[in-house]
Amino acid sequence: GKEKLNLLHRRFGGYWRFPQLKDFCYLVNPYFPLQKMVDELQVSFKTLLTQYPSGAAQMSLLAGKIWNLLPENIVVGNGAAELISSLGEALTGKVAVPYPTFNEYPERFKNCEIVPIYTDKNDFTYTAKDILKAVKEGGANTVLLINPDNPSGNFLKKNEVLGLLKELKLLNVKLIFDESFIDFAEKSIRYTLLSQEIIDEYDNLVVVKSISKSYGVPGLRLGILASKNADYINMIKKSNAIWNINSFGEYFLQIYEKYSKTYAAACDSIANERARFSAELSKFKQLKVYPSQANFILVKLDGIRSDDLAVDLLEKSNLLIKDLTGKKCFDDPTFIRLAVRDQTDDDLLIKTLKDYIK
């Protein structure tokens, strides 16, 4: 079961070498970047390959222009993973974390005590009130909030998060807000905390955003972190390598604004396809499909082992899915996470499941 799946994962390391593989495990944006943007990167390939990139100060200027933030309030990382690692090195005290969550955060908080916020066992939901209760009862000085959360897809709306921020500020508690998946939320409730007004008002706020996931460029390794505290931003800059962003990543930031409208449309496409994909999955009696505002869907299996399903789909159909067995809150082999791809790929998975689930 699990051992066999791990072996297959290692065998398929470097998934780009297997174009026949349909990857429903890793989380990217299938609708962005458009071919025109890819072509622009390709035209400049030799120049980008043979020239040094700029340093951290220039990267902050580029990112600040995109997200309308002062350069002293934003830092660009080699993927969000680098920024999470820098956060973890500097963070101390007690951190309140809703579970289940993205394991990279608590694993990097080595100098901290984790105060778990246990979510509703039936649907893994939680509210701002649940977070505040855990902070007060556990004495946390920091809160981690991934919104939408991974892998549950749980989503807190803007007013609820701003209300939480206000309460935490009064308690002198910092909020680390990861909005890596927030651009995939339904258009009517989509928002960002990457606003100079919000950053200025809440000095207890740190915003993290993975560019790899939502912008469909995981190979470029880009992420950003924003905070009112310029000293904190400078500390993270100094902890990173002098040229932590390569020339291809820098060029992506330079040309992005020309494609910002198509990016917004791509996020709308994800939201629409997620709704359709969820509805199709819900037709299976053996599947419990959880609401999501991200580019993935949490599914509980009835009468099917998640590790067996993952192995069979990979071996027989070249479909890679995320088996959540062993992840905190998922002790039993009954949960999987499915990335939302385009309609053609999603329909292929649906068809394959129909053959598998009788």
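Located above this text is the structure these notes cover.
Residues numbered from 1 in each chain as written. Predicted model: local features only at pLDDT ≥ 70, side-chain atom pairs only at ≥ 80, totals over all residues. Heavy atoms only, no water.

1. Thoughts on empty space enclosed by the protein
- Going through the model one piece at a time under the given rule, you end up with two cavities of 30 Å³ or more.
- When its volume is computed, the largest cavity comes out at roughly 60 Å³.
- A per-class count over the lining of the largest cavity returns five nonpolar, three polar and two charged.
- Quantified by volume, the second largest cavity comes out at close to 30 Å³.
- The wall of the second largest cavity is formed by Ile-66, Trp-67, Ile-211, Tyr-215, Phe-252, Leu-253 and Tyr-256.
- Considering only residue class, the lining of the second largest cavity consists of seven nonpolar, no polar and no charged. (1 Å grid on protein atoms, 1.4 Å probe; cavity = no way out; pocket = protein on both sides within 12 Å on 5 of 7 lines; lining within 4 Å. Points joined across faces, edges and corners; volume = space filled by probe spheres on them. Nonpolar A, V, L, I, M, F, W, Y, C, P; charged D, E, K, R; others polar.)

2. Concerning the nonpolar core
- In terms of nonpolar packing, the biggest core is built from 90 residues, with Trp-67, Leu-205, Phe-252 and Leu-281 touching the most fellow members.
- For this core, the element with the highest residue contribution is helix H13 (residues 260-281), accounting for six residues.
- In contact with Trp-67, other than residues within four places in its own chain, are Ile-74, Leu-194, Lys-209, Ile-211, Tyr-215 and Ile-224.
- Ala-80, Leu-87, Tyr-105 and Leu-225 belong to the second-largest nonpolar core, a separate cluster that totals 21 residues. (Core = buried A, V, L, I, M, F, W, Y, C linked by side-chain atoms within 4.5 Å. Buried < 20%, exposed > 50% of the residue type's maximum accessible area, 1.4 Å probe, protein only. Helix = DSSP H or I, 4+ residues; strand = E, 2+ residues; numbered from the N terminus. Contact = heavy atoms within 4.5 Å.)

3. Here's the deal with the packing of helix H14 (residues 306-317) against helix H15 (residues 343-356)
- Where H14 meets H15, the axes come as close as 12 Å, and the angle between the chain directions of the two elements is 110°. It follows from the interaxial angle that H14 and H15 lie roughly perpendicular. In this structure, H14 meets H15 at a crossing whose hand is right-handed. Where H14 approaches H15, its residues Asp-308, Leu-309, Asp-312, Leu-313 and Ser-317 are matched on the opposing element by Leu-349, Thr-352, Leu-353 and Tyr-356. (Axes fitted to C-alpha atoms, helices over the stretch in contact; angles between N-to-C directions. Parallel < 35°, antiparallel > 145°, perpendicular 65-115°, else oblique. Left-handed = near helix turned anticlockwise from the far one by under 90°.)

4. Quick word on the side chain of Thr-352
- Considering the arrangement of structural elements, one finds Thr-352 in helix H15.
- A relative accessible area of 13% means that Thr-352 is categorised as buried.
- Those residues in contact with Thr-352 that lie beyond four places of it in its chain are Leu-313, Ser-317 and Leu-319.

5. Quick look at the pattern of salt bridges
- Per the counting criterion, the structure on display carries 16 salt bridges.
- With its nearest N and O atoms 2.8 Å apart, the salt bridge here joins Glu-104 to Arg-108. Here Arg-108 and Glu-104 lie together in helix H6 (residues 104-108), a separation of four residues that amounts to about one turn.
- You can call Glu-104 buried: its relative accessible area is 18%.
- Asp-308 is the salt-bridge partner of Arg-305, the closest N and O atoms lying 3.8 Å from each other.
- Look at Asp-308 and you get partly exposed, because its relative accessible area is 34%.
- Shared partners join several salt bridges into a network, and the residues in it are Lys-22, Arg-341 and Asp-345. (Salt bridge = Lys/Arg side-chain N within 4 Å of Asp/Glu carboxyl O.)

6. With respect to helix H5 (residues 79-90)
- Residues of H5 that are buried include every one of Gly-79, Ala-80, Leu-83, Ile-84, Ser-86, Leu-87 and Gly-88, and no others.
- On its buried face, H5 sits against strand E2 (74-77), H6, strand E6 (174-178), strand E7 (205-210), strand E8 (223-227) and helix H11 (230-239).

7. Some points on the packing of H13 against H15
- Axis separation between H13 and H15 bottoms out at 11 Å; the angle between their running directions is 10°. In terms of axis orientation, H13 runs roughly parallel to H15. Each of Glu-273, Arg-276, Phe-277, Glu-280 and Leu-281 in H13 lies in contact with H15, whose residues at this interface are Gln-343, Asp-346, Asp-347, Leu-349, Ile-350 and Leu-353.
- Its residues assigned to classes, the contact of H13 with H15 comprises five nonpolar, one polar and five charged.

8. Description of the packing of aromatic side chains
- A full pass over the atoms with the stated rule returns 20 aromatic pairs.
- On the basis of an interplanar angle of 75° and a centroid distance of 5.4 Å, the ring pair of Tyr-215 and Tyr-256 is categorised as edge-to-face. Of the two residues, Tyr-215 is situated in the loop between helix H10 (211-214) and E8 and Tyr-256 in the loop between helix H12 (247-255) and H13; the sequence distance between them amounts to 41 residues. Comparing Tyr-215 with Tyr-256 shows no difference in burial state: the two are buried.
- Aromatic side chains Tyr-256 and Tyr-263 sit 6.1 Å apart centroid to centroid with 70° between the ring planes, which places their arrangement in the edge-to-face category.
- By relative accessible area, Tyr-263 is classed as buried at 5%.
- Each member of the aromatic cluster is reached from another via a ring pair, and the members are Phe-32, Trp-67, Tyr-215, Phe-252, Tyr-256 and Tyr-263.
- A cation over an aromatic ring shows up here: Lys-328 above the ring of Tyr-99, its NZ or CZ 5.0 Å from the ring centre.
- One Lys or Arg, Arg-341, reaches over the ring of Phe-24 and ends 5.5 Å from the middle of that ring. (Phe/Tyr/Trp six-rings, centres within 6.5 Å; stacked < 30°, edge-to-face > 60°. Lys NZ or Arg CZ within 6 Å of the ring centre and 35° of its normal.)

9. Brief notes about the sheet that holds strand E1 (residues 22-24)
- Spatially, the five strands line up as an open sheet ordered E1-E11-E12-E10-E9, and their pairing is mixed. Sheet topology places E1 and strand E9 (287-289) at the edges, where each strand pairs with a single neighbour. Going from strand to strand, the sheet's axes swing by 30° on average, the running direction of each strand aside.
- Note that strand E10 (residues 296-301) and strand E12 (residues 335-339) share five bridges and pair antiparallel. Counted as the bridge partner of Leu-298 is Arg-337 from E12. (Pairing = 2+ DSSP bridges.)

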